[in-house]
Amino acid sequence: MVKLTFYGGVREIGGNKILLEDGGRKLFLDFGYPYSRYRIFYEEYLKPRAGAGLLDLLVMGLLPHLEGIYRTDLETGNLWQQFRRAEHYRKLEDVDGVLLTHAHLDHSGHISFLREDMPVYSTATTAFIAKAIQDSGKADFDQQVCYFTPRVEECLKGWKQGAYVASNSGDHQRRFCVADESTLSEEARRFWGEVIRQRKLASQPLDHIGKCSFSLRCFPVDHSIPGACAWGIETSSGWVVYSGDLRLHGKRGKLTEAFMKKAAQLHPRALILEGTNVNRATNIAEQEVYKNAFKAISSARGLVIADFPARDVDRLLTFLQIARDTQRKLAILPKDAYLLKTMRLLEPEIPDIAQESAIVIYQETTASKSPAQWLKRIYEEYASKVVLAKDVASNQDSFILCFSFWDLNELPSIQPRAGSLYVFSSSEPHNEEQEMDFWRLHNWLKRFDMRGFGLPVQRDGEWEIPEEQRGLHASGHACGPDLLRVAREIQPEVLIPIHSENPEFYVDNLRGSRIKVALPTEGGAVEI
Ligand SMILES: [Zn+2]
């Protein structure tokens, strides 16, 4: 009997944490950051306390009550005693590892808390993007996926209790085992092992999957971040297939098609399938995004700002093509440059910034005396590519600036000309906080007399993109009919929906077929 326990991703989008058990063998399928659950209790200025180790996360239900899987340096006091009587508490040992599907934090973030010796299985691209995100981001203690800062208890002078503070011993890198066959270049190996923060890094060379007690298959799929994959796990009840996040309508939709064929050949016992966009009937393809955005930008006067999701490299390349086709330069932020540079270590078809005449790098205003190592390197390596706010300000017709809402505070240095264009190529607001941000975004545009295009506006309390401005965003997730095609073609005996607010969609639409749908419950198990 194989048991699947769902600790996250049940009736919520993201936060997938699935435990697969087969006799004594155990694996996790993703170990994601549960954004929607954080939002119930926390916000930007109210966060779990890093100094309290695992306590806040366990008490507030953000981490499953599983003793034995977490980093021991975060076990404050007699932490586990209070949870041993709790519902769903279990002591778990000898987990083989985590099968990570892609580098979006809602699938990877909580790997930060797992024991250092628990390997993470992924594609090489996912491992590299996880490092690039952490190198170039803030990476709070609950988002240190690729390497982490061990904590030690220290009683500060004058304090009556100890605190768990960052140790001086440097960072520890996790053991990533990659599923890809290809060998890494010398430069790629150097990137993986190098110190990029101000701290030392005890690095772990990238390994290959070998020691896992399960037989595994890794299937590349298309999603809004490169390197995404689905997994097949051979168990004593037959193959279990886990989709991660996927789509059929993106630039690499063929990968997902190939996955469907190969997964079907396994005649899987179970398919764990995402259902983010089950309620959507159709999708916009990336090619349509190009056409619609090109139309808007080719007739624009003044500055163009393109707002698209972070780490969506396909979208960045769509806007790069538009920049070439409209004789503008695509001004990207240093963190995007770092990501492109990282990806090129594995995928030579990614453009080389140094050689690509349509790309420049926008230098943000800094107040820091000691900027991060990765940032200094980007500015040094691409010195001839760096543009400043004043360059953009004095030549506004020549740029497409890749900014999101979080970069708007640069605008006072640029002062876009009246009538400049803000192209919104991302998803609509999903919660009240995001609605507030859209309200602010509209205020910024008013302040500089800019035109929004593809931007949701509020009508009768609902945020909607005006009819004639739609088609500027290709979602990372398949629509309802495509998801049903995935299910029917793979034809598992049991389908388990995950990462969905409406899992009943599969029950309603697969009734009468040979596929049985099993709805998981929070912390509950499905036996197959
Ligand atoms: Zn995702």
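This text gives an overview of the structure that appears in the document. Given the structure is predicted, the values throughout are model-derived calculations rather than measurements.

## Here's the deal with the coordination of the zinc ion
No. 1: For the zinc ion, the protein coordination sphere consists of H102 (NE2), H104 (ND1), H223 (NE2) and D245 (OD), at 2.2 to 2.4 Å.
No. 2: What the four donor atoms of the zinc ion show is an angle range of 89 to 175° at the metal, which sorts the shape as irregular.

## So, the sheet that holds strand 16 (residues 229-235)
No. 1: Pairing is mixed across the open sheet formed by six strands, whose spatial order is 15-16-17-18-28-29. Every other strand in the sheet has two partners, leaving strand 15 (215-220) and strand 29 (516-517) as the edge strands with one partner each.
No. 2: Alignment of strand 15 against strand 16, held across six bridges, turns out to be antiparallel. Each bridged residue has a counterpart across the sheet, and for P220 the counterpart in strand 16 is C229.
No. 3: Strand contacts of helix 6 (residues 253-265): strand 15, strand 16 and strand 17 (238-242), with the helix running at about 150° to strand 15, the strand carrying the most contacts.
No. 4: On the sheet, helix 14 (residues 480-490) packs against strand 18 (270-274) and strand 28 (494-498) and is oriented at approximately 170° with respect to strand 18.

## Here's the deal with the packing of helix 4 (residues 124-136) against helix 9 (residues 334-344)
No. 1: Where helix 4 meets helix 9, the closest approach of the two axes is 10 Å, and the angle between their N-to-C directions is 155°. Comparing their axes, helix 9 and helix 4 come out roughly antiparallel. As helix 4 runs across helix 9, the sense of the crossing is right-handed. Facing helix 4, whose interface residues are F128, I129, A132, D135 and S136, helix 9 presents K335, Y338, L339, T342 and M343.
No. 2: Classifying every residue of the contact of helix 4 with helix 9 gives six nonpolar, two polar and two charged.

## A short note on helix 4
Along an α-helix, a turn takes 3.6 residues, which lines up residues three or four apart on a common side.
No. 1: The terminal C-alpha atoms of helix 4, which comprises 13 residues, lie 18 Å apart, in line with the 18 Å expected from a rise of 1.5 Å per residue.
No. 2: Taking burial as the measure, the 13 residues of helix 4 include 13 buried ones, the bulk of the element.

## Describing unusual backbone geometry
No. 1: Notably, R11 is not glycine yet its phi reads approximately 55°, a positive angle.
No. 2: Mapped onto the elements, R11 comes out in the loop between strand 1 (2-8) and strand 2 (17-22).
No. 3: Even without glycine at this site, Q491 takes up a positive phi of about 55°.
No. 4: Of note, Q491 is situated in the loop between helix 14 and strand 28.
No. 5: Residue Q491 is classed as partly exposed on the basis of its relative accessible area of 32%.

Definitions and cut-offs
Residues numbered from 1 in each chain as written. Predicted model: local features only at pLDDT ≥ 70, side-chain atom pairs only at ≥ 80, totals over all residues. Heavy atoms only, no water. Donors = N, O, S within 2.8 Å, 3.2 Å for Na, K, Ca; no water. Tetrahedral: all angles 85-135°; square planar, octahedral: opposite > 155°, others 65-115°. Pairing = 2+ DSSP bridges. Helix = DSSP H or I, 4+ residues; strand = E, 2+ residues; numbered from the N terminus. Contact = heavy atoms within 4.5 Å. Axes fitted to C-alpha atoms, helices over the stretch in contact; angles between N-to-C directions. Parallel < 35°, antiparallel > 145°, perpendicular 65-115°, else oblique. Left-handed = near helix turned anticlockwise from the far one by under 90°. Nonpolar A, V, L, I, M, F, W, Y, C, P; charged D, E, K, R; others polar. Expected span 1.5 Å × (residues − 1). Buried < 20%, exposed > 50% of the residue type's maximum accessible area, 1.4 Å probe, protein only.

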